[in-house]
Amino acid sequence: MAEDVRAEMVSTVFQIVVSAGDEVAEGDTLVILESMKMEIPVVAEEAGTVSSVDVKVGDVIQQGDLIATIS
């Protein structure tokens, strides 16, 4: 079953740590967001393979926007 990783707040994509096809463990950082001069890591909530990364550095994302999918 695929897990959609979604934004929890309005922010800017600061850094992308993984690529499609990467294996991740629960708790691994996927991307780092920036909001109000704070860096916020977005972590995998389950282990699996990154199916897609749906953002790029510099994107401004809204709450609920899709960041990545893990299968």
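- The protein chain has the name biotin carboxylase in an unreviewed UniProt entry, where Rhodococcus triatomae is given as its organism.

### Things to note about the sheet that holds strand β5 (residues 38-43)
For sheets, the rule is that strands pair by backbone hydrogen bonds, running either parallel or antiparallel.
Now for step 1: Taken in spatial order, the four strands of this open sheet run β5-β4-β2-β7, and their pairing is antiparallel. The sheet terminates laterally at β5 and β7 (60-61), the two strands that pair on one side only.
Now for step 2: Pairing of strand β2 (residues 11-16) with strand β4 (residues 29-35), which is carried by four bridges, proceeds in the antiparallel orientation. In the strand pairing of β4, valine 13 is matched with leucine 33.

### Regarding the environment of glutamate 23
Now for step 1: Mapping glutamate 23 onto the fold places it in strand β3 (residues 23-24).
Now for step 2: Each C-alpha atom of the pair glutamate 23 and valine 5 lies 15 Å from the other, and the pair is 18 residues apart in sequence.
Now for step 3: With residues near it in sequence (within four places) discarded, glutamate 23 still touches Gly48 and Thr49.

### Some thoughts on the pairing of β5
Now for step 1: Note: β4 against β5, six bridges, orientation antiparallel. Along β5, the bridge assignment pairs serine 35 with methionine 38.
Now for step 2: Joining the antiparallel neighbours β4 and β5 is a turn of two residues, in which methionine 36 adopts a positive phi near 55°.

Reading guide: rules and limits
- Residues numbered from 1 in each chain as written.
- Predicted model: local features only at pLDDT ≥ 70, side-chain atom pairs only at ≥ 80, totals over all residues.
- Heavy atoms only, no water.
- Pairing = 2+ DSSP bridges.
- Helix = DSSP H or I, 4+ residues; strand = E, 2+ residues; numbered from the N terminus.
- Contact = heavy atoms within 4.5 Å.

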